[in-house]
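# Report on the structure
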Amino acid sequence: MSDRSILRDVAQAAGVSLRTASRVLNDDPRVAATTRERVQGVMKDLSYTPDLMARSLRGGTDATIGLVVESIADPFFSELVAAVESTASDDGKSVLVASTHGDASREVRVVTDLLRRRVSGLLVVPTAGDVSVVEGVRGLCDGVSGTDEAGSAAHLAKVLDAPVVLVVDAKGMARSAA
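Here's a quick rundown of the structure. (Residues numbered from 1 in each chain as written. Predicted model: local features only at pLDDT ≥ 70, side-chain atom pairs only at ≥ 80, totals over all residues. Heavy atoms only, no water.)

What the protein contains, in helices and strands, is 8 helices and 5 strands. Seen in sequence order, the protein has helices and strands lined up from the N terminus as α-α-α-α-β-α-β-α-β-α-α-β-β. Within the protein, the fraction of its 178 residues that count as buried is 37%. The long-range fraction of contacts in the protein, counting pairs at least 24 apart against all pairs at least 6 apart in sequence, stands at 56%. Summed over all atoms, the accessible surface of the protein reaches about 10400 Å², with 52% contributed by carbon and sulfur. (Helix = DSSP H or I, 4+ residues; strand = E, 2+ residues; numbered from the N terminus. Buried < 20%, exposed > 50% of the residue type's maximum accessible area, 1.4 Å probe, protein only. Contact = heavy atoms within 4.5 Å. Areas by Shrake-Rupley, 256 points an atom, 1.4 Å probe, with all protein chains shown as cover.)

By size, the foremost hydrophobic cluster in this structure holds 12 residues: Leu7, Val10, Ala11, Ala14, Val16, Ala21, Val24, Val31, Val39, Val42, Met43 and Tyr48. For this core, the elements supplying multiple residues, two or more each, are helix H1 (7-14), helix H2 (18-25) and helix H3 (33-45). Broken down by element, the residue count for this core peaks at 4 residues, all from H1. Residues within four places of Val31 in sequence aside, it is in contact with Thr20, Arg23, Val24 and Arg36. Ile65, Phe77, Ala88 and Val125 belong to the second-largest nonpolar core, a separate cluster that totals 10 residues. (Core = buried A, V, L, I, M, F, W, Y, C linked by side-chain atoms within 4.5 Å.)

This next bit is on the pattern of salt bridges. Scanning the model with the defined rule gives 3 salt bridges in all. A salt bridge links Arg23 to Asp28; the shortest N-O distance between them is 4.0 Å. A salt bridge links Arg36 to Asp27, with the shortest nitrogen-to-oxygen separation between them at 3.6 Å. Exposure remark for Arg36: the relative accessible area of 15% places this residue in the buried category. (Salt bridge = Lys/Arg side-chain N within 4 Å of Asp/Glu carboxyl O.)

On any regular strand, side chains alternate: one points to one face of the sheet, the next to the other face. For strand E1 (residues 64-69), the buried fraction is high: 6 of the 6 residues fall into the buried class. Along E1, one buried face is formed by Thr64, Gly66 and Val68 and the opposite face, lined by Ile65, Leu67 and Val69, is buried too. Pairing of E1 with strand E2 (residues 94-99) involves 6 bridges; the strand directions are parallel. Paired with Ile65 across the two strands is Val95, which belongs to E2. The β-α-β motif built from E1, the intervening helix H5 (residues 75-90) and the parallel element E2 has right-handed crossover chirality. The pairing of E1 with strand E3 (residues 121-124) spans 4 bridges and is classified as parallel. Bridging from a neighbouring strand, Gly66 pairs with Leu122 of E3. (Pairing = 2+ DSSP bridges. Right-handed = clockwise from strand over helix to strand, strands pointing away.)

For the rest of this paragraph, the subject is the packing of aromatic side chains. One pass over the structure, following the stated rule, counts 1 aromatic pair. Geometrically, the ring pair formed by Phe76 and Phe77 is edge-to-face, given 5.1 Å between the ring centres and 70° between the ring planes. Under the relative-accessibility criterion, Phe76 is labelled partly exposed at 25%. A relative accessible area of 5% means that Phe77 is categorised as buried. (Phe/Tyr/Trp six-rings, centres within 6.5 Å; stacked < 30°, edge-to-face > 60°.)

Below you can see the structure in the form of structure tokens.
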């Protein structure tokens, strides 16, 4: 059994409903200042930290951006990772980085895994500039095909209901973004 506090423990200790404790956690302005302070005090006393997995399950998406590159050992890609992480952090998101090592089948597996995690965004640097990775996710997304229109980030973002950027060359030229 874990000693980790859950939001229900906070609500009970603060003498409020679970909904009120959740509203405090989410900075809802409808919570009275005295109630907010009491709940926040209990959160601190219990060393409460939000369960990000539970939050992502409820919300249907994660506060994580997937970034797929050929190799983080490549100086270009390591700079790209640093820039994406910095920007994502400013927006309260984390970045999950995966390397394909130039293997197209691994790229499809990695993209599929990230989509199944319900990442809130996906940046893909296709192996050798090959945007056929879109074909590999066909089973996850209705309407994805190999046409130029379907290979665009705008189409993929619409189908996946997540922001998508496809980068097609090592010079950082974005083919499309949505």
